[in-house]
Each structure stands twice: as C-alpha cells, then as structure tokens.
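A look at the structure
The chain contents come next:
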Amino acid sequence: MSSHQPAARWQNWGRSAEAHPVRIAHPASTAEVVSIVREAAAAGLTVKAVGASHSFTAIGATDGVLLKLDRMSRVLATDTAQGRVRVQAGISLHDLNPQLKARGLALANLGDIDPQSVAGAVSTGTHGTGGRLFGISTSVVGVQLVTATGDVLEIDEQHEWFGASRVTLGALGIVTEVTLQCVPAFLLHAREEPMALPEVLGRVDELVDGNDHFEFYWFPHTEKTAVKRNNRVPEGTARRPVGRFRHWLDDEFLSNTAFEGINRVVARRRSWIPRVNSIAGSALSAREYVDDSYNVFVSPRTVRFRESEFAMPRAALPHVLAELAAWFGAGHENISFPIEVRFAAADDVWLSTGHERDNCYVAVHQYWRSDYAAYFAATQDIFTAHEGRPHWGKIHTLGADYFSRAYSRFDAFVAIRDELDPARTFSNPYLDTVLG
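Presented here is an overview of the structure given in this document. (Residues numbered from 1 in each chain as written. Predicted model: local features only at pLDDT ≥ 70, side-chain atom pairs only at ≥ 80, totals over all residues. Heavy atoms only, no water.)

**Let's talk about the sheet that holds strand β18 (residues 339-344)**
Strand order in the open sheet made by the 8 strands is β16-β13-β15-β14-β18-β19-β17-β20, with antiparallel pairing throughout. Strand pairing shows two members of the sheet lacking a second neighbour, β16 (287-292) and β20 (389-390), which therefore form its edges. Summarising the sheet, strand β14 (residues 213-218) and β18 pair through 3 bridges and their orientation is antiparallel. Each residue of the ladder has a partner; that of tryptophan 218, found in β18, is isoleucine 339. (Pairing = 2+ DSSP bridges. Helix = DSSP H or I, 4+ residues; strand = E, 2+ residues; numbered from the N terminus.)

**Observations concerning helix α13 (residues 410-420)**
Within the span of α13, buried status applies to Phe410, Phe413, Val414, Ile416, Arg417 and Leu420. Relative to the axis of α13, the buried residues are bounded by an arc of 155° and lie together on one face. Across α13 from its buried face, at more than 90 degrees, point the exposed residues Asp411 and Glu419. Along its buried surface, α13 packs onto β9 (140-146), β10 (152-156), α4 (162-165), α12 (400-406) and α14 (429-435). (Buried < 20%, exposed > 50% of the residue type's maximum accessible area, 1.4 Å probe, protein only. Arc of directions from axis to C-beta. Contact = heavy atoms within 4.5 Å.)

**As for the sheet that holds strand β3 (residues 23-25)**
Across a sheet, paired strands are connected by hydrogen bonds in the backbone, their directions being either parallel or antiparallel. Spatially, 3 strands are ordered β3-β5-β4 in an open sheet, and the strand pairing comes out parallel. The two strands at the open ends of the sheet, each matched to only one other strand, are β3 and β4 (47-50). Going across the sheet, the axis of each strand differs from the next one's by a mean of 25°, ignoring polarity. Where β3 lies against strand β5 (residues 65-68), 3 bridges are found, and the strand directions are parallel. Of the residues in β5, the one forming a bridge with alanine 25 is leucine 67. Packing against the sheet, helix α1 (residues 30-42) makes contact with β3, β4 and β5, and its axis sits at approximately 170° to β5. (Axes fitted to C-alpha atoms, helices over the stretch in contact; angles between N-to-C directions.)

**A closer look at the packing of aromatic side chains**
Inspection of every chain in the model, using the stated rule, returns 19 aromatic pairs. Aromatic side chains phenylalanine 328 and tyrosine 375 sit 6.1 Å apart centroid to centroid with 45° between the ring planes, which places their arrangement in the tilted category. Pair noted here: phenylalanine 328 is in helix α10 (residues 317-329) and tyrosine 375 is in helix α11 (residues 373-384), with a separation of 47 residues, a long-range link. Exposure remark for phenylalanine 328: the relative accessible area of 6% places this residue in the buried category. Here the aromatic residues Trp218, Trp327, Phe328, Tyr372, Tyr375 and Phe376 are joined through ring pairs into a cluster of three or more. One residue, arginine 409, lies across the ring of tryptophan 350, its end atom 4.1 Å from the ring centre. (Phe/Tyr/Trp six-rings, centres within 6.5 Å; stacked < 30°, edge-to-face > 60°. Lys NZ or Arg CZ within 6 Å of the ring centre and 35° of its normal.)

**Examining the pattern of salt bridges**
This model, assessed by the stated rule, comprises 24 salt bridges. The residue glutamate 39 makes a salt bridge to arginine 23 at a minimum N-O spacing of 3.7 Å. With glutamate 39 in helix α1 and arginine 23 in strand β3, this pair connects stretches of sequence that are 16 residues apart. Take arginine 23: its relative accessible area is 27%, and that puts it in the partly exposed class. Two residues, arginine 301 and aspartate 112, come together in a salt bridge whose shortest N-O distance is 3.6 Å. With arginine 301 in the loop between α9 (293-297) and β17 (305-313) and aspartate 112 in the loop between β8 (105-106) and α3 (118-123), this pair connects stretches of sequence that are 189 residues apart. Among the residues examined, arginine 301 registers a relative accessible area of 31% and is labelled partly exposed. (Salt bridge = Lys/Arg side-chain N within 4 Å of Asp/Glu carboxyl O.)

Right, dumping it as structure tokens:
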C-alpha cells in the first residue's frame, strides 16, 4: 500500500472510540483471514477484527489492518442430536436467533440487544441475567482461531486452552468460527412493572432466585424502578406477544423516540433531570406477554449512549446502590439514564466477569452528547471498592495490575498470549493497558 494513501476511518457505535487503519478488509472465509493476517504480519502491521463495533472501549481499534467480519455470517453446520451449531464469527445475534428457532434451538441466555456479532459478544464476555444462568461465552464449545503466524487452530473442550478461548478480548488471534451449545427453543412469560427501590432491595434474593431471569432499572434521583421477570412456560403454551400499538408506544416511542428527545433537552437543562426521571419512572405501566425467548430478551435501542458496567459479588448490591444514591444526593451531577441491574451465576471461563463468582451487574449510561468522564470515574471508584470487574467492552480505566488480582487465571491467559502472539500482531493500546 503506498504511503501517501489516506487512512480509512473506523468509529464505534457509541462514538466513544475511533481509529484510522491503513485499510479495512471484508473477508468472507477463514482462508481469506489467513491470507490477510500473513500479509499484514509480514509488513509489520497490526490486525484487529470488529463485528458490530458495539463495544464502548477501543478494544477493536487499530492503525494497521481492520477486519470487518460482516461477510462471515453463515450458519455452517447443525448437530441436532447434540443441539450444537457451528457458525462463522461475524454472524449477528439478530440474524442467528431466528435461524436457531427454525432449527428448534435457542441460546439459553442473551443480553438486551442483538446487533453484536457472535465473536464480538463472546470475546468481550457479553451476558444476560439469571441467578442460575451464565454469559454467552459459556455456550461456546469450540473456537476456530487464526494465529499471528497464519495457522488455523481448532480449540475444543478437551484443549488445554479451552478456558482461555471463550473470552479472548481479541488478544490471541482472529476468531473465525464458533461452535455453540444450544438448548431447545423456548418461550418466556415476561412480567414488567414498576416497583419502589426499597422493596426491590428488600426482596432481591427472592426476586433473583425465584425467577429464571430478573433485572431492574433504577431511575437516578428517585426511588422508582422498573422490574422485569422472565420465566419459561410449559410446552404447548401459546405465544401472546405484545400488541402492535403497545409495542410501538412502550418500546419505540417512550423508550426510544421520546427518550431521545428528552435527552437532547436535558443535555442543556441538567437541573430538570430529577423531575424528568420521576415522570419517566411512572410512564411505563405494567404489562405481561409470552413470546419467543429472544424476542423477550432483546429490546430496541436506538438512543445512542456510552456505557460502563461492572460485576460485583451479589451481596455487595445494596452497598453499591446506597453509595451511588449518596453520590447523586451530594449534587455532583444529574443523570438522566436509568441504571441497569442484572445477575448471573459463577462460571469457569478464565476472563469472564463471572469467573468463579456469582455476581450482580450494575451498568451506568450517559447520553452520547454528554460528557461521561466524571460520572464513570466516580462509579468506577464505587465498583472497584467492591471487587468490581468491568465488562471488557464497556468503559473503564483499569490496567493489568488490577486484573491480575481480580482473575485467578489472568497470568495463565497472558502466558498463552505470549506464546501465540509474541510480536503483538493483535494488540492495540487498550490491550496493552488491560493485559500489560
């Protein structure tokens, strides 16, 4: 590539990170990825892959060669007897879910959005909610990885690096294919309603342990929350999806169109936020419906924002929320976005936020036109005081020293990275910070 040619521009969804790679490639196969990696390594260029660019950190940024995996979007094989599918890494959860349903399958748990690629969701430790359930990476039973030498590595459950392969941060190589363990397709009964924060915290163990999936949204500067309980229904139950008007009113208009307009206004009139939050906390009324699992898990999200999220031990939740309430009460800043609280069970994935620990997850958001720095710094201080582990794709400022204490297999992961990528073909400033 001639040196005078201008670099391309990449920007993430949240407009919180950008990069200027020397070129952007769109491979359609593992063989094409191998060719690109070998060529880039020979030229001394770094290589990074992105899916939907939905991470709020610069985890996918590079000034070398950027691989967009949007053409690697096929379901490659289905093992109906075992309930497993092998997919190309760039397929989005949005496209995969209905294809799984057509095969009588589903993922056991999902987050609340679905544009992410499978590789992106897996590699950053994306999770949903459920006190007995896990993040998406625990569904991974096989990973195909293109290494810095251009070799193709197949890692399965018997491989010594299996625990490291299910959340890689993109540091070990380019994930090109993933085999997922699915469950039979299922319906969920959703129950959504307002509930006062003191009641939620007083009943939190009952609500988490008594439902398949439980989460709530707390409106800052108020004691208002919106709670969501999702539970599997007996076989033979009919779908009763949200009516078209109610879906438009709640999910499109109130949660997105009106919310976008409100945030544009309060970005300039921040003193109005506590009153607006009080109204917003009362706007969404109770509702119940039954639908395919992925339609219940996933909500439309068109308002652009930035996000930070940390996992803490479940017992820390009341202390964390009390400290957040005290920070709001001290008048530091008025925050318009609800705080999202979810729960998940301990797992054995080396760099999963759930590694060996049942967690609560607390996510804070800031409208993309507002400065998030002071708010996220304050919340990070609260979260880390309670052994918080940040979501790898969401904003934080922590480094390798912190993570080597937070994860018992961190040093083992770094050793594999040293073996697979000694020249740091797959590194960038974010990975240099978090992995050393």
